[in-house]
Amino acid sequence: MRLKLVPAGTRIDFFRWSVVTKWASAGAMLASVALVSVVGLNFGIDFKGGTTIRTQSLHQLDVGEYRAVLSGLNLGDVSITEVRDPAAELTGKAENVALVRIEQQAGEEAVSAETVSAIKDALRRIDPDMVFPLVDSVGPKVSGELIQAAVIAVVLAISAVLFYIWLRFEWQFSLGAVAALVHDVVLTIGIFSLLQIKFDLAIIAALLTIVGYSLNDTVVVYDRVRENLRKFKKEPLRNVLNLSINETLSRTVMTSVTTLIALISLFVLGGDVIRGFVFAMIWGVVIGTYSSVFVASSMLLRLGVKRDWSKKSAEAGPDFAKTDA
């Protein structure tokens, strides 16, 4: 017996709640923008500047012990990450290596040499033979450039999606897909501002991954919409969209649920290092599934699409006014 999360032959009218979902999405986006403007984001060392110290020890790494010896130095935000080399572990030559990141100290361009020396002395209480093969500082100028590069990366990714979907389908599909992506990115940034979870380069990677996941979900629905537009040329666009979403609903739910099972396992068992990234992914999968159904399709209904795909050009106008919202 096969597991079915969605019964076969579902006939849900997704546009029955279009007014509610439209205003809920718009309100959530406005709230996210307001939160970022008023509260701001809890930027990590990558964006605030700071110093990274690489440690190498003969003893097994204990993150709690590292934090305990550094807590008395009043360094502010300290991030400790264990560096693992799978190849070295297989050969039995693995070394106990960690990256200690310290935020930029108030009134200083970078962490001072005296502070770095105090950190080294504190860590040597754990292992007197500990060595520090790398000490690297990120100043405010570099951190500012990282913020700029992160924004450019997200904007370019969404712009590339706009262009690709335009070529692959039609401009109405393109605008619908981009509206869904912007919705997902803005709401993800908003939840990080609300919960004040650390926002660093790993979260930018999560945002780009969310863009890819949400786009994949949207394209699956759009591809079925195009197929059904060829089959049902006289059917109202609302009915075609509802049919397409229902036909792909089982795949959408199954993909989201299996992805969430893996992500929740990582969130619970993965430790502090990847927790922010995994949280962003969990939120992105949920909100991306929602936007593919309620944002991208609603935008397509409002804009209207070409009805006869056997011709190179055909009438494409809003079908929204012809249907009941």
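Residues numbered from 1 in each chain as written. Predicted model: local features only at pLDDT ≥ 70, side-chain atom pairs only at ≥ 80, totals over all residues. Heavy atoms only, no water.

Along strand E2 (residues 50-57), six of the eight residues are buried, which leaves the element largely enclosed by surrounding structure. Bridge count for E2 against strand E4 (residues 96-103) is eight bridges, and the pairing is antiparallel. Across the sheet, Gly 50 pairs through a bridge with Glu 103, a residue of E4. (Buried < 20%, exposed > 50% of the residue type's maximum accessible area, 1.4 Å probe, protein only. Helix = DSSP H or I, 4+ residues; strand = E, 2+ residues; numbered from the N terminus. Pairing = 2+ DSSP bridges.)

On average, the protein scores 78 in pLDDT, and the residues at 70 or more come to 81%. Ranking the helices and strands of the protein by mean pLDDT puts helix H1 (residues 18-38) first, with 89, and helix H4 (residues 86-91) last, with 52. Note that pLDDT drops below 50 for residues 313-325; the model gives that stretch 30 contacts with residues more than four away or on any other chain. (pLDDT = per-residue confidence, 0-100. Contact = heavy atoms within 4.5 Å.)

With that settled, consider the packing of helix H7 (residues 171-195) against helix H8 (residues 201-231). Contact pair H7 / H8: the axes reach a minimum separation of 9 Å and the direction vectors enclose 150°. As judged from the angle between their axes, H7 and H8 are roughly antiparallel. Between H7 and H8 the crossing geometry is right-handed. Along the contact surface, H7 presents Phe 173, Gly 176, Ala 177, Leu 181, Asp 184, Val 185, Thr 188, Ile 189 and Phe 192, while H8 presents Ile 203, Leu 207, Ile 210, Val 211, Ser 214, Leu 215, Thr 218, Tyr 222, Val 225 and Leu 229. Split by residue class, the contact of H7 with H8 holds 14 nonpolar, four polar and one charged. (Axes fitted to C-alpha atoms, helices over the stretch in contact; angles between N-to-C directions. Parallel < 35°, antiparallel > 145°, perpendicular 65-115°, else oblique. Left-handed = near helix turned anticlockwise from the far one by under 90°. Nonpolar A, V, L, I, M, F, W, Y, C, P; charged D, E, K, R; others polar.)

As a further point, take the packing of aromatic side chains. As enumerated under the stated definition, the model contains five aromatic pairs in all. Here Phe 192 and Phe 279 contribute two aromatic rings whose centre-to-centre distance is 5.8 Å and whose plane-to-plane angle is 65°, an arrangement assigned as edge-to-face. Of the two residues, Phe 192 sits in helix H7 while Phe 279 sits in helix H10 (residues 275-294), which places them 87 residues apart along the sequence. Residue Phe 279 is classed as buried on the basis of its relative accessible area, which comes to 18%. Measuring from ring centre to ring centre gives 6.5 Å for Phe 267 and Phe 279, while their planes differ by 45°; the resulting arrangement is tilted. A residue pair is termed long-range when its members are at least 10 positions apart, and Phe 267 in helix H9 (residues 237-269) and Phe 279 in helix H10 qualify at twelve residues. The partly exposed category is assigned to Phe 267, whose relative accessible area is 30%. Through successive ring pairs, a cluster of aromatic residues spans Phe 192, Phe 199, Phe 267 and Phe 279. Residue placement shows Arg 275 over the ring face of Phe 267; its charged tip is 5.5 Å from the ring centre. (Phe/Tyr/Trp six-rings, centres within 6.5 Å; stacked < 30°, edge-to-face > 60°. Lys NZ or Arg CZ within 6 Å of the ring centre and 35° of its normal.)

We now examine a nonpolar patch on the surface. A cluster of nonpolar side chains, namely Leu 162, Trp 166, Trp 171 and Leu 175, defines an oily patch on the protein surface of about 390 Å² accessible area. Topologically, Trp 171 is positioned in helix H7. In this structure Trp 171 comes out as partly exposed when scored by relative accessible area, which is 37%. (Patch = residues over 30% accessible without salt bridge, like charges linked within 9 Å, V, L, I, M, F, W, Y side chains within 5 Å. Areas by Shrake-Rupley, 256 points an atom, 1.4 Å probe, with all protein chains shown as cover. Salt bridge = Lys/Arg side-chain N within 4 Å of Asp/Glu carboxyl O.)

With that out of the way, let us pick up the environment of Thr 255. Position of Thr 255 among the secondary structure elements: in helix H9. The spatial distance from the C-alpha of Thr 255 to the C-alpha of Asp 217 is 9.1 Å, given a sequence separation of 38 residues. Reaching out from Thr 255, the side chain makes a polar contact with the backbone oxygen of Arg 251 at a distance of 2.8 Å. (Polar contact = N/O pair within 3.5 Å; in protein donor to acceptor, adjacent residues only side chain to side chain.)

Another point: the nonpolar core. One finds Phe 173, Phe 192 and Phe 199 to be the most contacted residues of the largest nonpolar core, which totals 52 residues. Contributions of two or more residues to this core are made by helix H6 (140-168), H7, H8, H9, H10 and helix H11 (296-303). Among the elements that make up this core, the one with the highest residue count is H8 (twelve residues). Formed by 18 residues, the second largest nonpolar core is a distinct cluster that contains Leu 70, Val 78, Leu 123 and Met 130. (Core = buried A, V, L, I, M, F, W, Y, C linked by side-chain atoms within 4.5 Å.)

Of note, Asp 217 is situated in helix H8. The exposure class assigned to Asp 217 is buried, which follows from its relative accessible area of 2%. The residues touching Asp 217, leaving out its near neighbours within four places in the chain, are Arg 251, Thr 252, Gly 288, Thr 289 and Ser 292.

This brings us to helix H3 (residues 63-70). Residues Tyr 66, Val 69 and Leu 70 constitute the buried set of H3. The buried side chains of H3 occupy one side of the element, clustering within an arc of 95° when seen end-on. Buried residues along H3 sit against E2, strand E3 (78-83), E4 and helix H5 (113-123). (Arc of directions from axis to C-beta.)

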